[in-house]
Structure formats: C-alpha cells, structure tokens
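Read off the chains here:
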Amino acid sequence: MPLWHIYCPENTYSAEDKRALATRITDLYADVGFPRFYASVVFHELPKNSFFVGGKATNDFVRIWIDQIARATAPERRAWWLERVNTTLNPFARERGYRWEVHIDETPFDFWTIQGMKPPDPDTEAEKHWVKEDRPSAYT
C-alpha cells in the first residue's frame with residue numbers, strides 16, 4: 001500500500017490532471033510488481049494563503065507525503081526510487097513552475113491489513129494472484 005498525499009494550492013490540478021497523475025503513480029508500483037489496487041492518491045487542495053514555508057504564505061508549492069507499507073525500500077535502491085518518483089512528478093510540478101518536496105515513510109508490513117485481511121507476502125504466488133485479480137482475494 002502506497003498512499004500518496006498531495007498537498008497543493010486550490011485549482012492546481014484539473015480532474016483530468018488528477019486522474020493522469022494518479023495513473024502515473026499507480027504505474028510506478030505496477031511496474032515493480034504491485035497489484036494496481038495497492039496504490040492510493042489523495043489530493044488535498046489548500047485555499048490561497050493557507051500553506052506556509054519558512055513562515056511565509058506560498059501559493060506555488062506542492063508537498064507530497066508518501067506512506068509505503070507493501071515493501072521496504074532497500075538502502076541501495078532509495079536514490080533510484082526517489083529519481084523515479086521525481087521523474088513521475090516533473091510534468092505536474094517542475095514543468096508547471098511549482099516548487100515541490102517529497103518524503104516517504106515506510107511502515108512495517110505487519111502493521112497493515114486490507115479489508116481485514118493480511119496481504120500476501122511479497123513475491124509469493126498469493127500476491128501474484130492479487131496482481132492478476134486486481135483485488136484482495138482468498139488464494140488457495
């Protein structure tokens with residue numbers, strides 16, 4: 001489960017922009033073998049002069065807080081992963097003239113359930129079944 005919280009000024013993204021960015025984010029995780037339904041994205045639109053950086057109101061800043069649970073990122077892959085994240089965000093932040101910041105929290109896998117079920121361990125046949133079904137389901 002990656003959950004992306006995207007804090008942005010009101011009207012930064014159209015409904016189509018939000019769908020496109022959420023799809024790109026989902027693709028990031030699907031490309032490394034996650035079920036697509038693991039990825040969630042929430043846009044938190046902030047009214048003008050409601051976001052402060054360094055004590056000053058800013059209306060050109062996008063803040064992304066990512067909670068990852070399905071996998072822990074190995075230390076040697078963290079720079080690679082952040083580069084992929086930033087590349088995904090570039091058309092929605094850098095190329096639109098926004099300043100942005102990203103941070104990732106990784107919660108232990110054993111502190112996670114989906115619909116009351118413990119998700120299958122990574123890279124198991126059960127997880128592959130979830131990928132194929134694109135939903136949490138029993139696997140026997």
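The numbers attached to residues start from 1 for each chain and follow its sequence in the written order. Per-residue local features are limited, in this predicted model, to residues with pLDDT of at least 70; the limit for side-chain atom pairs, both in listing and counting, is 80 or more; totals at the level of whole chains, interfaces and linings are taken over all residues. Side-chain figures throughout are based on the complete set of non-hydrogen atoms in the structure, without hydrogens or water.

Draft legend 1. Representation of the overall build of the protein within the structure. Note on conventions: DSSP H or I runs of at least 4 residues are helices, E runs of at least 2 residues are strands, and numbering of each starts at the N terminus. In terms of helices and strands, the protein carries three helices and six strands. Moving toward the C terminus, one meets the helices and strands of the protein in the order β-α-β-β-β-β-α-β-α. Seen through its principal axes, the protein has C-alpha atoms that stretch 55 × 35 × 25 Å. For the protein, the residues scored as buried account for 36% of the 140 residues in total. Calculation of accessible area relied on Shrake-Rupley with a 1.4 Å probe; when residues are assessed, cover is drawn exclusively from the protein chains displayed. Just so you have it, the protein exposes about 8,100 Å², and 52% of that area is on carbon and sulfur atoms. When charges are counted, neither His nor the chain ends are considered; positive counts come from Lys and Arg and negative counts from Asp and Glu. Where a charge lies is defined by one atom per residue type, namely NZ (Lys), CZ (Arg), CG (Asp) and CD (Glu). Averaged over its 18 positive side-chain charges, the protein has a centre that lies 3 Å from the centre of its 21 negative ones. The rule is simple: take the accessible area with a 1.4 Å probe, protein chains only, and divide by the maximum for that residue type; under 20% is buried, over 50% is exposed, in between is partly exposed.

Draft legend 2. Representation of unusual backbone geometry within the structure. Unlike most non-glycine residues, D123 shows phi in positive territory, near 65°. Of note, D123 is situated in the loop between β6 (99-106) and α3 (125-133). Its identity as a non-glycine residue notwithstanding, D134 has a phi of 55°, on the positive side. The topology assignment puts D134 in the segment after α3. Take D134: its relative accessible area is 38%, and that puts it in the partly exposed class.

Draft legend 3. Focus on the environment of M117. In this structure, M117 sits in the loop between β6 and α3. Each C-alpha atom, one on M117 and one on A138, is 9.1 Å from the other, the two residues being 21 residues apart in sequence. Here a residue-residue contact requires only that any non-hydrogen atoms of the pair lie within 4.5 Å. Sequence-distant contacts of M117, defined by excluding residues within four places in its chain, comprise P136 and S137.

Draft legend 4. Layout of the packing of aromatic side chains. Put simply, two rings from Phe, Tyr or Trp (the six-membered ring, in Trp's case) pair if the centres are within 6.5 Å, and we call them stacked under 30 degrees between planes, edge-to-face over 60, tilted for the rest. All told, the structure shown has 12 aromatic pairs when counted by the stated rule. Look at Y38 and W112: their rings are 5.1 Å apart centre to centre, the planes differ by 80°, and that puts the pair in the edge-to-face class. Within this pair, whereas Y38 is found in the loop between α1 (15-30) and β2 (40-46), its partner W112 is found in the loop between β6 and α3, the two being separated by 74 residues in sequence. You can call Y38 buried: its relative accessible area is 2%. Ring centres of F51 and F61 lie 5.3 Å apart, and the angle between their planes is 65°; on these two criteria the pair is classed as edge-to-face. Remark: F61 occurs in strand β5 (residues 61-68) and F51 occurs in the loop between β2 and β3 (52-53); sequence separation between them is 10 residues. Taking relative accessible area as the criterion, F61 reaches 9% and is therefore assigned buried. Grouping aromatic residues by their ring pairs yields a cluster made of Y29, F34, F37, Y38, W80, W81, F109, W112 and W130. Only Lys NZ and Arg CZ are tested; either one counts as a charge over a ring when it is within 6 Å of the ring centre and within 35 degrees of the ring normal. Over the ring of W80 we find R77, and its NZ or CZ is 4.2 Å from the ring centre.

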